[in-house]
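Examining the three-dimensional arrangement
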Amino acid sequence: MTWGWWLVTLFGWTGLQELPALFTEAEQREIDRLSPLPKAPVDETNRFADDPAAARLGQYLFFDPRFSANGEISCATCHDPALGFADGQSLGEGLEVLPRHTPSIWNSAYSRWLFWDGRTDSLWSQAMRPMESAVEMGGHRLQFFQLLQNDAALREAYQQVVGDLPTLEVPAENLGDWAARWETMDPSDQSQVTEVFVNLAKCIAAYERRLVSRNSVFDRFVEGFRRGHKAALSSLSPAAQRGLKTFVGRGNCTLCHHGPTLSDGEFHDIRVPDGDGGEPTDSGRFGGVPTLLADEFNARGPYSDDTGGKAARRLKFLVNSPENWGTFKTPSLRNVARTAPYMHQGQFSTLREVVEYYSTLESARPPGHHGGEQILVPLFLSDEEIDDLVAFLESLTDEEIDPLLRKGPSSPLFIE
Ligand code: HEC
Ligand code: HEC
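What comes next concerns the included structure. (Residues numbered from 1 in each chain as written. Chains lettered and ligands numbered in written order. Predicted model: local features only at pLDDT ≥ 70, side-chain atom pairs only at ≥ 80, totals over all residues. Heavy atoms only, no water.)

1. Description of the overall build of the protein chain
Going by this rule: Numbering of helices and strands runs from the N terminus; a helix is a DSSP stretch of H or I covering at least four residues, while a strand is a stretch of E covering at least two. With the radius of gyration taken over C-alpha atoms, the globule rule is written as 2.2 Å times the number of residues to the power 0.38. Burial classes: relative accessible area under 20% of the type maximum marks a residue as buried, over 50% as exposed, and values in between as partly exposed (1.4 Å probe, protein chains only). Residues count as neighbours in contact if any of their non-hydrogen atoms are within 4.5 Å of one another. Only the protein chains shown count as cover for residues, and all accessible areas are computed by the Shrake-Rupley method using a 1.4 Å probe. Only four residue types enter the tally: Lys and Arg on the positive side, Asp and Glu on the negative side; His and the chain ends are excluded. In this description, the location of a charge corresponds to atom NZ of lysine, CZ of arginine, CG of aspartate or CD of glutamate.
Scanning the protein chain from terminus to terminus reveals 17 helices and 2 strands. For 416 residues, the compact-globule estimate of 2.2 N^0.38 gives 22 Å, and the protein chain sits close to it at 23 Å. The principal-axis extent of the C-alpha atoms belonging to the protein chain is close to 85 × 50 × 40 Å. Among the 416 residues that make up the protein chain, the fraction classed as buried is 54%. A separation of at least 24 residues holds for 72% of the contacts in the protein chain among residues at least 6 apart in sequence. Approximately 19300 Å² of the protein chain is accessible, and the part contributed by carbon and sulfur atoms is 53%. Between the mean site of the 38 positive side-chain charges and the mean site of the 59 negative ones, the protein chain shows a separation of 7 Å.

Written out as structure tokens, the structure reads:
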């Protein structure tokens, strides 16, 4: 190889003069909007959202299996830090197998709507669901209350964040299971217990808000792009750069995967075939909207810390329509290479399969099913273009956080 060749390989391809040649101006503007990931939006519905003591207690709860019916399931069972805060399976599995795939919770603080169908509108109201769901953790808020009563460290941590645990008597065991015992309680005692449950969930949310990834190879590339740093530019491989061009260009991926999470946070029907091959039965957003509007734990409900704020106002304008049938939340693509399988039922096992789907739309359900969207058209990508797009998606990986955030802390107490 001649010296000239070396120079071209080292500097030429990623040389500044050549970048504009690779990306059109429109593509460059689109790229500019994908990074950096700003600070997570404030959550005014949760007064503990950015309280470090709350995050510590929440982290402890996230990894604590005692908050389940059989003492074996915690949030981390399904949202395992070693598996991209997901579970590596097609369908989630707790006390029973669930109808949907476990999404990663990386960067979930940026979501306006939570769950594939958006049936909750805050991280804290989301966290309450699996804890009491009979098919996930199967616990009961009264059980959680008693756990705090009987565990000095948890009680002290709760006191540190919220204040004293209310003094009330948990009905005796001979009255039946948790639900039966709950029925024997005064409404005022019940609401105090519910309040404690809400506060625990707000602490879990404070922990989840810390799971943010903003320093991927792609982010460094965009930074370099902006500032003209050659070294940063060459961090993104030529294949990934070409994939990026498809992503923001003719692939039209940024129609839905736009902004710094690479998701619009909204709901679409990309016509992925149902996991079991039959007619789809999951109504997605169509079922999520009424559930959210009726939820006493939503942003305008009595447990929210900001019932007149931005999140509450969003609900005012939320209306359901038949077009919502079968639409699912656009997932963020940050760390997507670590969270296979993909889609709301884990229908695809690799990123390549996902991209091949977008390329051919082979096996896609017919457009217009239940009035669904017709945005997608087959892209007819070459093998190399598919590889490039996968290389780009892989460049969105950054799992580096404080290693202490990846496991259950030995104590729920926060020490400065
Ligand atoms: C049994 C497995 C399981 C357990 C346990 C579990 N999850 Fe999940 N999680 C899921 C599945 C499956 C979904 C998607 C369900 C849906 O959309 O209907 C989900 C969705 C979520 C989401 C929404 C992400 C998004 O982008 O919309 C968050 C956040 C989350 N879980 C956090 C938690 C927390 C916090 C706990 C513990 C309190 C927990 N999960 C316990 C399986 C689980
Ligand atoms: C019309 C909106 C839309 C467009 C355009 C779009 N996506 Fe998606 N994407 C979605 C939605 C919605 C899902 C989840 C669908 C589901 O689970 O049924 C998704 C899922 C994915 C997933 C799986 C993520 C996960 O965690 O499960 C990847 C990867 C992905 N899209 C990449 C792309 C790429 C690459 C392109 C361009 C070729 C693209 N998307 C174009 C809306 C879109």
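Here the narrative resumes, following the displayed structure.
2. Topic: the coordination of the iron atom of ligand 1
What counts, and what does not: Only nitrogen, oxygen and sulfur atoms within 2.8 Å of the metal, or 3.2 Å for Na, K and Ca, are treated as donors, and water is left out, so sites may look incomplete.
On the protein, His 79 (NE2) is the one donor atom to the iron atom of ligand 1, at 2.1 Å. Summarising the element assignment, His 79 is placed in the loop between helix 5 (75-78) and helix 6 (123-132).

3. Describing the site of ligand 1
Here is the rule: Definition of nearness: a residue and a molecule or strand are near each other if at least one heavy atom of the residue lies within 4 Å of the molecule or strand. Here a polar contact means two N or O atoms within 3.5 Å. Within protein one must be a hydrogen donor candidate and the other an acceptor candidate, and residues neighboring in sequence count only if both atoms are side-chain atoms. Under the grouping applied here, Gly and all other residues not named as nonpolar or charged are polar, the nonpolar ones being Ala, Val, Leu, Ile, Met, Phe, Trp, Tyr, Cys and Pro and the charged ones Asp, Glu, Lys and Arg.
Around ligand 1, the structure places 28 residues, and the nearest of them are Cys 75, Cys 78, His 79, Arg 100 and Phe 115. The side chain of His 79 places a nitrogen or oxygen atom 2.8 Å from a nitrogen atom of ligand 1. Side-chain polar atom of Gln 126 to a nitrogen atom of ligand 1: 3.2 Å apart, as the coordinates give it. For the shell around ligand 1, the secondary-structure elements that each account for two or more residues are helix 5, helix 6 and helix 10 (187-208). For the shell around ligand 1, the element with the most residues is helix 6, which contributes 5 residues. Considered class by class, the residues forming the shell around ligand 1 number 16 nonpolar, 6 polar and 6 charged.

4. A closer look at the pattern of salt bridges
If charged atoms from side chains of opposite charge come close, those side chains can pair. We count it as follows: Salt bridges are defined as contacts in which a side-chain nitrogen from Lys or Arg sits within 4 Å of a carboxyl oxygen from Asp or Glu.
Following the criterion strictly, the structure yields 24 salt bridges and no others. A salt bridge links Glu 223 to Arg 227; the shortest N-O distance between them is 2.8 Å. Separated by 4 residues within a single helix, Glu 223 and Arg 227 lie in helix 11 (residues 217-227), roughly one turn from each other. On the basis of relative accessibility, which here comes to 57%, the residue Arg 227 falls in the exposed class. Residues Glu 384 and Arg 242 are paired through a salt bridge, measuring 3.5 Å at the closest nitrogen-oxygen approach. Here the residue Glu 384 occupies a position in helix 17 (residues 383-394), and Arg 242 occupies one in helix 13 (residues 238-248), the gap between them amounting to 142 residues. What makes Glu 384 partly exposed here is its relative accessible area of 48%. One continuous salt-bridge network, built from bridges that share partners, spans Arg 100, Asp 117, Arg 119 and Asp 282.

5. Overview of the side chain of Thr 330
Residue placement: Thr 330 occurs in the loop between strand 2 (328-329) and helix 16 (351-360). Residue Thr 330 is classed as buried on the basis of its relative accessible area, which comes to 6%.

6. Quick notes on the nonpolar core
Threshold: In plain words, nonpolar cores are sets of buried Ala, Val, Leu, Ile, Met, Phe, Trp, Tyr and Cys residues tied together by side-chain atoms within 4.5 Å.
Counting residues in each nonpolar core, the largest one holds 59 residues, and the members touching the most others are Phe 62, Phe 67, Trp 124, Leu 148 and Leu 200. The dominant element in this core, judged by the number of residues it contributes, is helix 10, at 11 residues. Residues in contact with Phe 67, not counting those within four places in the same chain, are Leu 61, Met 131, Met 137, Phe 144, Leu 147, Leu 148, Leu 154 and Leu 200. Counting residues in each nonpolar core, the second largest holds 38 residues, with Phe 23, Leu 233, Ala 364 and Ala 391 among its members.

7. Thoughts on the coordination of the iron atom of ligand 2
When a metal holds four donors in a tetrahedron, each ideal angle between them is 109.5 degrees; when it holds six in an octahedron, the ideal angles are 90 or 180 degrees. For clarity, the cut-off: A four-donor site is called tetrahedral if each angle lies between 85 and 135 degrees; a four-donor site is square planar, and a six-donor site octahedral, when trans pairs exceed 155 degrees and the remaining angles lie between 65 and 115; all other cases are labelled irregular.
The coordination sphere of the iron atom of ligand 2 contains the protein donors His 257 (NE2) and Tyr 358 (OH), at a distance range of 1.9 to 2.1 Å. For the iron atom of ligand 2, the 6 donor atoms in the first shell make angles of 87 to 180° at the metal, a pattern classed as octahedral. Taken as a pair, His 257 in the loop between helix 13 and strand 1 (267-268) and Tyr 358 in helix 16 lie far apart in primary sequence, 101 residues in all. The exposure class of His 257 is buried, given its relative accessible area of 10%.

8. As for the site of ligand 2
Taken together, 22 residues surround ligand 2, and among them Cys 253, Cys 256, His 257, His 344 and Tyr 358 come closest. Within the backbone of Met 343, one N or O atom sits 2.8 Å away from an oxygen atom of ligand 2. Contact distances for ligand 2 include 2.7 Å between an oxygen atom and a backbone N or O atom of His 344. Every element with two or more residues in the shell around ligand 2 is listed here: strand 2 and helix 16.

9. Here we look at the packing of aromatic side chains
Going by this rule: Here the aromatic set is Phe, Tyr and Trp, taking the six-membered ring for Trp, and pairing holds for ring centres within 6.5 Å; pairs whose planes are under 30 degrees apart are stacked, those over 60 apart are edge-to-face, and all others are tilted. Any Lys NZ or Arg CZ that is within 6 Å of a ring centre and within 35 degrees of that ring's normal is treated as a charge sitting over the ring.
The final tally for this structure, using the stated rule, is 13 aromatic pairs. With a centroid separation of 6.1 Å and an interplanar angle of 65°, the aromatic rings of Phe 23 and Phe 225 are classed as edge-to-face. Note that Phe 23 is positioned in the loop between helix 2 (19-22) and helix 3 (25-32) and Phe 225 in helix 11, a separation of 202 residues in sequence. Members of the aromatic cluster, each reached through a chain of ring pairs, are Phe 23, Phe 221 and Phe 225. Seen from the ring of Phe 115, Arg 119 lies directly overhead, with NZ or CZ sitting 3.6 Å from the centre. Stacked on the ring of Trp 113, the Lys or Arg Arg 285 has its end atom at 4.9 Å from the ring centre.

10. Brief notes about the packing of helix 7 (residues 141-150) against helix 10
We count it as follows: Fitted lines through C-alpha atoms serve as axes, helices being fitted only where they are in contact, and the angles separating the N-to-C directions of these axes extend from 0 to 180 degrees. Reported orientations rely on four angle classes, namely roughly parallel under 35 degrees, roughly antiparallel over 145, roughly perpendicular from 65 to 115, and oblique for the rest.
One way to put it is that helix 7 packs onto helix 10 with a least axis distance of 9 Å and a crossing angle of 80°. The angle between the axes of helix 7 and helix 10 places the two elements in the roughly perpendicular class. Here helix 7 contributes Arg 141, Leu 142, Phe 144, Phe 145 and Leu 148 to the contact with helix 10, which in turn contributes Val 193, Thr 194, Val 196, Phe 197 and Leu 200. A class-by-class count of the residues in the contact of helix 7 with helix 10 yields 8 nonpolar, 1 polar and 1 charged.

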